Amino acid sequence: MKAITLYMVLPMLALWSSTGAAERDARGTTRGEPLPPWREGELDIHHIHTGRGEAQLMVLPDGTSVLIDMSGKTSEQAPFLLPTRPDASRPPGEWVARYVRRVLPAGAVKLDYALISHFHGDHMGTIVPDSPRSPNGYQLSGITQVAESVGIAKVIDRGWPRYDYPAPIRNPTMDNYRRFLDWQIRHRGMRVEAFEPGRNDQIALVHGSGRYPGFEIRNLYANGRVWTGEGTATRSLFPPLEGIPPEDQPGENKLSIALRVRYGAFDYYTGGDLSAVDEEVTFEPHAWKNVEPPVAQAAGPVDAMKANHHGSWDANSIPFLAALRPRVIVVPARADGHPAVNTYRRMTSQKVWPGERDVFITHVSDATAKTTYRVDKAASVQGHVVIRVERGGARYRVFVLDDADEAMRVKAVHGPYESN
Ligand SMILES: [Zn+2]
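Summary of the structure given here. (Residues numbered from 1 in each chain as written. Predicted model: local features only at pLDDT ≥ 70, side-chain atom pairs only at ≥ 80, totals over all residues. Heavy atoms only, no water.)

1. Some thoughts on the overall build of the chain
For step 1, the next point in the chain: Across its full length, the chain holds 10 helices and 17 strands.
For step 2, the next point in the chain: Looking at the chain as a whole, 57% of its 420 residues qualify as buried.
For step 3, the next point in the chain: Summarising the internal contacts of the chain: among those between residues at least 6 apart in sequence, 64% fall at separations of at least 24.
For step 4, the next point in the chain: Taken as a whole, the chain presents about 17700 Å² of accessible surface, with 55% of it coming from carbon and sulfur. (Helix = DSSP H or I, 4+ residues; strand = E, 2+ residues; numbered from the N terminus. Buried < 20%, exposed > 50% of the residue type's maximum accessible area, 1.4 Å probe, protein only. Contact = heavy atoms within 4.5 Å. Areas by Shrake-Rupley, 256 points an atom, 1.4 Å probe, with all protein chains shown as cover.)

2. Brief notes about the sheet that holds strand E6 (residues 191-194)
Strands pair in a sheet through their backbones, by hydrogen bonds, and they do so in one of two ways: parallel or antiparallel.
For step 1, the next point in the chain: Strand order in this open sheet of nine strands is E6-E5-E4-E3-E2-E1-E15-E16-E17, and the pairing throughout is mixed. Where the open sheet ends on each side, the last strands, each with one partner, are E6 and strand E17 (410-418). Neighbour-to-neighbour, the strand axes of this sheet turn through a mean angle of 20°, independent of strand direction.
For step 2, the next point in the chain: One ladder, built from four bridges, connects strand E5 (residues 151-157) with E6; its direction is parallel. Within E6, the position partnered with aspartate 157 by the bridge is alanine 194.
For step 3, the next point in the chain: Sheet contacts for helix H2 (residues 92-103): strand E1 (43-47), strand E2 (56-59), strand E3 (65-68), strand E4 (110-115), strand E15 (384-389) and strand E16 (395-401); angle to E2, the most-contacted strand, approximately 15°.
For step 4, the next point in the chain: Helix H5 (residues 172-188) contacts E4, E5 and E6 of the sheet and is inclined by roughly 135° relative to E5. (Pairing = 2+ DSSP bridges. Axes fitted to C-alpha atoms, helices over the stretch in contact; angles between N-to-C directions.)

3. Structural notes on the sheet that holds strand E14 (residues 358-361)
For step 1, the next point in the chain: Pairing within the open sheet is mixed, and its eight strands lie in the order E9-E8-E7-E10-E11-E12-E13-E14. What marks the edges here is a single partner per strand, and that holds for strand E9 (234-236) and E14. Strand after strand, the sheet turns through a mean of 20° between neighbouring axes, direction not considered.
For step 2, the next point in the chain: In terms of strand pairing, strand E10 (residues 258-263) meets strand E11 (residues 266-270) through five bridges, oriented antiparallel. Opposite tyrosine 263, over in E11, you have phenylalanine 266 as the bridge partner.
For step 3, the next point in the chain: The strands touched by helix H9 (residues 341-348) within the sheet are strand E13 (328-331) and E14, with E14 carrying the most contacts at an inclination of about 145°.

4. A look at the coordination of the zinc ion
Octahedral six-donor coordination of a metal ideally yields angles of 90 or 180 degrees, compared with 109.5 degrees for tetrahedral four-donor coordination.
For step 1, the next point in the chain: Those protein atoms acting as donors to the zinc ion are Asp122 (OD), His123 (NE2), Asp273 (OD) and His310 (NE2), and they sit at 2.1 Å.
For step 2, the next point in the chain: Geometry at the zinc ion is irregular, judged from the four donor atoms that bind it and their angles of 88 to 152° at the metal.
For step 3, the next point in the chain: All donors of the zinc ion come from a single chain, and their spacing in sequence reads D-H-x149-D-x36-H. In this pair, histidine 123 sits in helix H3 (residues 121-124) while aspartate 273 sits in the loop between E11 and helix H6 (279-282), placing the two residues 150 residues apart along the sequence. Both residues of the pair, histidine 123 and aspartate 273, belong to the buried class. (Donors = N, O, S within 2.8 Å, 3.2 Å for Na, K, Ca; no water. Tetrahedral: all angles 85-135°; square planar, octahedral: opposite > 155°, others 65-115°.)

5. Notes on the nonpolar core
Most often, soluble globular proteins keep nonpolar side chains buried together rather than apart.
For step 1, the next point in the chain: If you look at the biggest cluster of nonpolar residues, it comprises 42 residues, and the most contacted ones within it are Leu111, Ile143, Val155 and Tyr177.
For step 2, the next point in the chain: Among the secondary structure elements, those contributing two or more residues to this core are E2, H2, E4, helix H4 (143-149), E5, H5, E16 and E17.
For step 3, the next point in the chain: In this view, valine 155 contacts Ala114, Ile143, Tyr177, Leu181, Met190, Arg191, Val192 and Glu193; residues no more than four positions away in its chain are not counted.
For step 4, the next point in the chain: Counting 38 residues, the second-largest nonpolar core is a separate cluster that includes Phe238, Ile244, Ala296 and Val375. (Core = buried A, V, L, I, M, F, W, Y, C linked by side-chain atoms within 4.5 Å.)

6. Side note on the environment of glycine 41
For step 1, the next point in the chain: Assignment of secondary structure puts glycine 41 in the loop between helix H1 (2-18) and E1.
For step 2, the next point in the chain: Distance in space between the C-alpha atoms of glycine 41 and arginine 211 is 8.8 Å, their sequence separation being 170 residues.
For step 3, the next point in the chain: If we ignore the near neighbours within four places in the chain, the residues touching glycine 41 are Pro61, Tyr212, Tyr263, Glu390, Arg391 and Gly392.

7. Topic: the pairing of E4
For step 1, the next point in the chain: Counting buried positions along E4 gives five out of six residues, so the element sits mostly inside the fold.
For step 2, the next point in the chain: Relative to E4, E3 runs parallel, the two sharing three bridges. For valine 66, the partnering residue across the bridge sits in E4 and is tyrosine 113.
For step 3, the next point in the chain: Bridge count for E4 against E5 is five bridges, and the pairing is parallel. Bridge assignment links leucine 111 to a residue of E5, and that residue is isoleucine 152.

8. Regarding the pattern of salt bridges
For step 1, the next point in the chain: Under the criterion given, the structure shown has 26 salt bridges.
For step 2, the next point in the chain: Between arginine 39 and glutamate 42 there is a salt bridge, and its shortest N-O distance comes to 3.8 Å.
For step 3, the next point in the chain: Assessed through its relative accessible area of 45%, arginine 39 is described here as partly exposed.
For step 4, the next point in the chain: According to the relative accessible area criterion, glutamate 42 is buried, its value standing at 7%.
For step 5, the next point in the chain: Between arginine 260 and glutamate 216 there is a salt bridge whose closest N-O contact spans 3.2 Å. In this pair, arginine 260 is assigned in strand E10 and glutamate 216 in strand E7 (residues 215-222), connecting sequence segments 44 residues apart. With respect to burial, arginine 260 and glutamate 216 carry one shared label: buried.
For step 6, the next point in the chain: Connected through salt bridges with shared partners, the residues Glu216, Arg218, Arg260, Arg262 and Asp267 form a single ionic network. (Salt bridge = Lys/Arg side-chain N within 4 Å of Asp/Glu carboxyl O.)

9. Things to note about the side chain of histidine 363
For step 1, the next point in the chain: Following the sequence through the fold, histidine 363 ends up in the loop between E14 and helix H10 (366-371).
For step 2, the next point in the chain: A relative accessible area of 10% places histidine 363 in the buried class.
For step 3, the next point in the chain: Reaching out from histidine 363, the side chain makes a polar contact with the side chain of glutamine 382 at a distance of 2.7 Å.
For step 4, the next point in the chain: Sequence-distant contacts of histidine 363, defined by excluding residues within four places in its chain, comprise His49, Leu82, Pro83, Ala333, His338, Val381 and Gln382. (Polar contact = N/O pair within 3.5 Å; in protein donor to acceptor, adjacent residues only side chain to side chain.)

10. Regarding the environment of arginine 101
For step 1, the next point in the chain: By secondary structure assignment, the location of arginine 101 is in helix H2.
For step 2, the next point in the chain: For arginine 101, a relative accessible area of 43% gives the class partly exposed.
For step 3, the next point in the chain: Each C-alpha atom, one on arginine 101 and one on serine 149, is 8.4 Å from the other, the two residues being 48 residues apart in sequence.
For step 4, the next point in the chain: Arginine 101 has contacts with Ser149 and Val150, leaving out every residue within four places of it along the chain.

Below you can see the structure in the form of structure tokens.
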């Protein structure tokens, strides 16, 4: 009798553990299976890992799509870079475009919005002499490469239309980008706008806004201007820049676009390569360059955030993190030292803010693993990171996807987390 009981129970136990509760989320996602497609009412935030910069794709509750940055550093640049994922057979912009095509809601013909957080190659695509050429008179990398296969309805950046703040921006990547915009405006009807801090209607639900009154994207910051928290008013963090010598002008990173995505109780922060002070390299304490704390104050506490500046040593300062108090942090790595030892310590310290938190890193290199203390304790050290917020925003999960190929296989599911 006893033997019969065991015979009956053991297979059930085996079945239970292989598809057990710990490995499934509420929709029955099992490790090793592809990420279930987005559904109407959900908010998905994909942190796409190519090893070559940042690319975040958001699918909003009504299906509106927003791509923030299009990684595009190519392999010949600089030491300390990570390997291209899935592999080096395609440039990063092409990998991003293919990812976008897989994830866009059924029937979507183009991206509704593409944002460039700031004008660096790892966020917009570096142009080098041998970058492939489009027949339309510009070269292909990052955003221009994505647009080859996925149409873009509207581009929003920090510089349109003059690209002269704080000084004219001229280099092959920017010259190429402007030729691209000109051609797309004339031949594809693309619209281009300057990001306006303070607004909460510039990036909107374009397919069904009335259905989701609890959804909002608030423009927090760009070009030294931060939202005051009242209406759409902003204030400048910078003094008048005339007369300030070129070496003391704010660098490109500190001009990055930052925004907050709100869905019911859920809040998410993203802010390009914003950073804290940099007197460690200049010996020149310009307090006004410490843009992180006022931006975090404008955002208020959030549930989840993308780390600033790939988790570099000069970003994600104590006052910044203490104001955001995230439960989930995503670090989009693109080099050794992402995240840096001091930055990771700030992110994980109970003294900076109390409570649990999970840090998801898209790639931890061998060098980073050796130098960033306890980084092996991170929630994830390899793969795309997808935050999926349930309809209404009360709860969310974090999926880690295998980036070795394009199968979108789920490596791990974390949560559900309660939004606060
Ligand atoms: Zn960057």
